[in-house]
Amino acid sequence: MKVGVLALQGDFREHISILKKLKLTPIEVRTKEELDNVKALIIPGGESTTIGKLLKKYQLDKEIKKRYKKGMPIYGTCAGAIVLAKEIIDSDQLNLDLIDVSIERNAYGRQADSFEADISLPNSKKPFHAIFIRAPKIKQIRNGVKILSKHKKEPILARTDNILISTFHPELTEDTRIHEYFIQMAKDKYN
Ligand code: GLN
């Protein structure tokens, strides 16, 4: 399956190597043509304000929304999750409004802005070692959004039918299970 990784800013290369490990065909997406060529899309971690500005500049915001409406599954990690949210608290930066959550940027505060924790996963009994870097918090969850994992009572992994978000970075580990979960979501969609 051709899986796109939005490659405007952030840690898209790490997602690409995980997809290669899974024997998929990763495509760096910077243009509408590249987006047209993929069946699913990952929006990486990085800086959500910058990703938002570049999405607008290259008019990919509208194109991604169009593809989502036609059924393309999307996974956002950290900054990617922020970009996908319906509301980014106290910010007027671009958001795609594709998953009905309110999200707060850099919400773990300065001292604790980066940490690691073992979390549980829906598709596996073994804990997953999650890396949080200046992570956001999902503050409100509405219509049809299901929480898949929590850390200290905070939702950190959530999905709808076709959107998956995590406030941490599975692409920075060697563990492919969350990407596999997303690919399964995409396969379910197309089968
Ligand atoms: N703090 C970043 C933002 O607000 C997200 C950090 C990340 O992706 N690791 O966009």
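Look up: the structure comes first, before these words.
Here the residue numbers are simple positions, counted from 1 along each chain's written sequence. Since the coordinates come from a predicted model, pLDDT governs what is reported: local features require at least 70, and pairs of side-chain atoms require 80 or more to be given and counted, while whole-chain, interface and lining totals use all residues. Hydrogens and water molecules were not included; the side-chain quantities draw on all heavy atoms of the structure.

## Regarding helix H3 (residues 48–57)
Piece 1. Within H3 the residues assigned to the buried category are Ser48, Ile51, Gly52 and Leu55. Along H3, the residues classed as buried sweep out an arc of 100° about the axis, all on the same side. Across from the buried face of H3, at angles greater than 90 degrees, the exposed residues are Lys53 and Lys57.
Piece 2. Taken together, the buried residues of H3 touch strand E1 (2–6), strand E3 (40–43), helix H4 (60–69) and helix H5 (79–84).
Piece 3. In the segment just after H3, Gln59 is the residue with positive phi, at about 55°. Any residue under 20% of the maximum accessible area for its type is buried, any over 50% is exposed, and the rest in between are partly exposed; the area is computed with a 1.4 Å probe on protein chains only. Every helix listed is a DSSP run of H or I at least four residues long, and every strand listed is a run of E at least two residues long, numbered separately from the N terminus. It is the directions from the helix axis to the C-beta atoms that the arc portrays. Contacts are assigned to residue pairs that have any heavy atoms within 4.5 Å of one another.

## A word on the site of the ligand
Piece 1. Put simply, a residue is near a molecule or strand once any heavy atom of it comes within 4 Å of that molecule or strand. Taken together, Gly45, Gly46, Glu47, Ser48, Cys78, Ala79, Ile82, Arg105, Asn106, Ile133, Arg134 and His169 make up the full set of residues near the ligand.
Piece 2. Between N or O atoms, a polar contact is any pair within 3.5 Å; within protein, one atom must be a potential hydrogen donor and the other a potential acceptor, and residues adjacent in sequence are included only when both atoms are from side chains. Within the backbone of Ala79, one N or O atom sits 3.1 Å away from an oxygen atom of the ligand.
Piece 3. One nitrogen or oxygen atom from the side chain of Arg105 is found 2.6 Å from an oxygen atom belonging to the ligand.
Piece 4. Only the protein chains shown count as cover for residues, and the accessible areas themselves come from Shrake-Rupley with a 1.4 Å probe. Taking 300 Å² as the accessible area of the ligand by itself, protein coverage stands at 97%.
Piece 5. Any residue with an atom within 4 Å of a point lines the site, the site being either a cavity, points on a 1 Å grid over the protein atoms alone where a 1.4 Å probe fits but cannot get out, or a pocket, an open set with protein on both sides within 12 Å along at least 5 of 7 lines. By definition, a pocket or cavity contains a molecule when more than half of the molecule's atoms lie within 2 Å of the pocket's grid points. Here the ligand occupies the largest pocket.
Piece 6. By residue class, the composition of the shell around the ligand is four nonpolar, five polar and three charged. Three residue categories are used. Nonpolar comprises Ala, Val, Leu, Ile, Met, Phe, Trp, Tyr, Cys and Pro, charged comprises Asp, Glu, Lys and Arg, and polar comprises the others, including Gly.

## Details of the layout of surface pockets
Piece 1. Grid points are joined across faces, edges and corners, and a volume is the space filled by probe spheres set on the points. Here the largest pocket is characterised by a volume of approximately 160 Å³.
Piece 2. What lines the largest pocket is simply Gly46, Glu47, Ser48, Cys78, Ala79, Ile82, Arg105, Asn106, Ile133, Arg134, His169 and Leu172.

## A few points about the side chain of Gln93
Piece 1. As for its placement among the helices and strands, Gln93 is situated in the loop between strand E5 (85–88) and strand E6 (99–104).
Piece 2. You can call Gln93 buried: its relative accessible area is 11%.
Piece 3. Only 3.1 Å separates the side chain of Gln93 from the side chain of Arg105, close enough to count as a polar contact.
Piece 4. Residues in contact with Gln93, not counting those within four places in the same chain, are Ser48, Thr49, Ile82, Ile88 and Arg105.

## Some words on the sheet that holds E5
Piece 1. Strand order in the open sheet made by the three strands is E5-E6-E9, with mixed pairing throughout. Strands at the two margins of the open sheet, each flanked by one partner only, are E5 and strand E9 (137–141). Adjacent strand axes in the sheet meet at a mean angle of 35°, parallel and antiparallel pairs treated alike.
Piece 2. When DSSP finds two or more bridges between a pair of strands, those strands are recorded as paired. As defined by bridge partners, E5 adjoins E6 across three bridges and the pair is classed as parallel. Of the residues in E6, the one forming a bridge with Ile88 is Ile103. Whenever a helix is involved, its axis is fitted only over the stretch in contact; in every case the axis is a line through C-alpha atoms, and angles between N-to-C directions fall within 0 to 180 degrees.

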